[in-house]
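Tertiary structure, described
Read off the chains here:
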Amino acid sequence: MGKKSTKENKNIYQICREKTELTRDKASEQMACISSDRIEKIESGKSLPHPDEILVMAQCYKAPNMCNYYCSHECPIGKRYVPSVEIKELSQITLEMLAALNAMEKEKNRLVEITVDGQITEDEFHDFIKIQDQLSKIALSVDTLQLWVEKTIADGKINKEQFTHARNTK
């Protein structure tokens, strides 16, 4: 039986494993492709995980947020292009999305005015940046909702097959 860690500065990989109440040895047994020594190196920061390891750990630990964390914080390409997404309650996600959509509703005619000629002039630039920021908020809300769905499926609160079937038969 493994000892409970008293380490203060735990990384996301150790936190997610411990939330599932798995020791490194038990996690390694469940994942089969990652040794307990490798898990220790990842959790201690001695070694960065590989993308395929992240996928396996995220599934084993029921922590899809681990994939976003890796992409947005550790992957050189992802750090530049992938926003960091936090797990939130569905009500908060919905309210944030509606607020962003409402703000965008007011700006959509201005976006048409700015882009109709295919150019952004100096006097349009400030408004264009403001609109782009609103669109980024909407995109982040969509990503947050997707993460919520993945986490809810991982937790067994939504049936994955039923969800996939409903999505494919729309």
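A quick note: this is a predicted structure, and the numbers were derived from the prediction, not measured.

**Structural notes on the pattern of salt bridges**
Counted under the stated rule, the structure contains 12 salt bridges. The closest approach of N and O atoms between Lys-10 and Glu-18, which form a salt bridge, is 2.7 Å. A residue is classified by how much of its surface remains accessible, and Lys-10, at 25% relative accessible area, is partly exposed. For Glu-18, a relative accessible area of 23% corresponds to the partly exposed category. For Glu-43, the salt bridge is made with Arg-24, and the minimal N-O distance between the two is 2.7 Å. With Glu-43 in helix α3 (residues 36-44) and Arg-24 in helix α2 (residues 24-31), the pair connects residues that are 19 residues apart, well separated along the chain. Salt bridges sharing common partners tie together Lys-10, Arg-17, Glu-18, Arg-24 and Glu-43.

**Points about the packing of helix α1 (residues 12-19) against helix α5 (residues 65-73)**
Between two packed helices, the angle of one axis relative to the other and the distance separating the axes together describe the packing. Relative orientation of the contacting elements α1 and α5 amounts to 175°, with a least axis distance of 11 Å. Looking at the two axes, α1 sits roughly antiparallel to α5. For the pair formed by α1 and α5, the contact residues are Ile-12, Tyr-13 and Cys-16 on the first element and Asn-65, Met-66, Tyr-69 and Tyr-70 on the second. Residues that form the contact of α1 with α5 fall into these classes: six nonpolar, one polar and no charged.

**Points about helix α9 (residues 160-168)**
Little of α9 sits inside the fold, with zero of its nine residues counted as buried. Regarding α9, its N-cap is Asn-159, as a side-chain oxygen of that residue lies 3.0 Å from the backbone nitrogen of Glu-161 further along.

**Here we look at the packing of α2 against α3**
Two numbers describe how α2 lies on α3: the axes approach to 8 Å, and their chain directions differ by 115°. Our pair here, α2 against α3, has a crossing hand that is right-handed. Side by side, α2 and α3 meet where Arg-24, Asp-25, Ala-27, Ser-28 and Met-31 of the first sit next to Ser-36, Ile-39, Glu-40 and Glu-43 of the second. In terms of residue class, the contact of α2 with α3 is made up of three nonpolar, two polar and four charged.

**Notes on the environment of Arg-24**
On the basis of relative accessibility, which here comes to 27%, the residue Arg-24 falls in the partly exposed class. Separated by 16 residues in sequence, Arg-24 and Glu-40 have C-alpha atoms that sit 7.3 Å apart. Beyond its immediate sequence surroundings of up to four residues, Arg-24 is in contact with Gln-14, Arg-17, Ser-36, Ile-39, Glu-40 and Glu-43. A polar contact is formed between the side chain of Arg-24 and the side chain of Glu-43, at a distance of 2.7 Å.

**Focus on unusual backbone geometry**
Phi at Glu-21 takes a positive value of approximately 60°, unusual for a residue other than glycine. The residue Ala-32 is not glycine, and still its phi comes out positive at about 65°. For Ala-32, the location among the structural elements is in the loop between α2 and α3.

**Section: the environment of Leu-135**
Secondary-structure assignment places Leu-135 in helix α8 (residues 122-154). Of the residues examined, Leu-135 reaches a relative accessible area of 39% and is grouped as partly exposed. For the pair Leu-135 and Lys-10, spaced 125 residues apart in sequence, the C-alpha separation works out to 34 Å.

Thresholds applied
- Residues numbered from 1 in each chain as written.
- Predicted model: local features only at pLDDT ≥ 70, side-chain atom pairs only at ≥ 80, totals over all residues.
- Heavy atoms only, no water.
- Salt bridge = Lys/Arg side-chain N within 4 Å of Asp/Glu carboxyl O.
- Buried < 20%, exposed > 50% of the residue type's maximum accessible area, 1.4 Å probe, protein only.
- Helix = DSSP H or I, 4+ residues; strand = E, 2+ residues; numbered from the N terminus.
- Axes fitted to C-alpha atoms, helices over the stretch in contact; angles between N-to-C directions.
- Parallel < 35°, antiparallel > 145°, perpendicular 65-115°, else oblique.
- Contact = heavy atoms within 4.5 Å.
- Nonpolar A, V, L, I, M, F, W, Y, C, P; charged D, E, K, R; others polar.
- Polar contact = N/O pair within 3.5 Å; in protein donor to acceptor, adjacent residues only side chain to side chain.
- Left-handed = near helix turned anticlockwise from the far one by under 90°.

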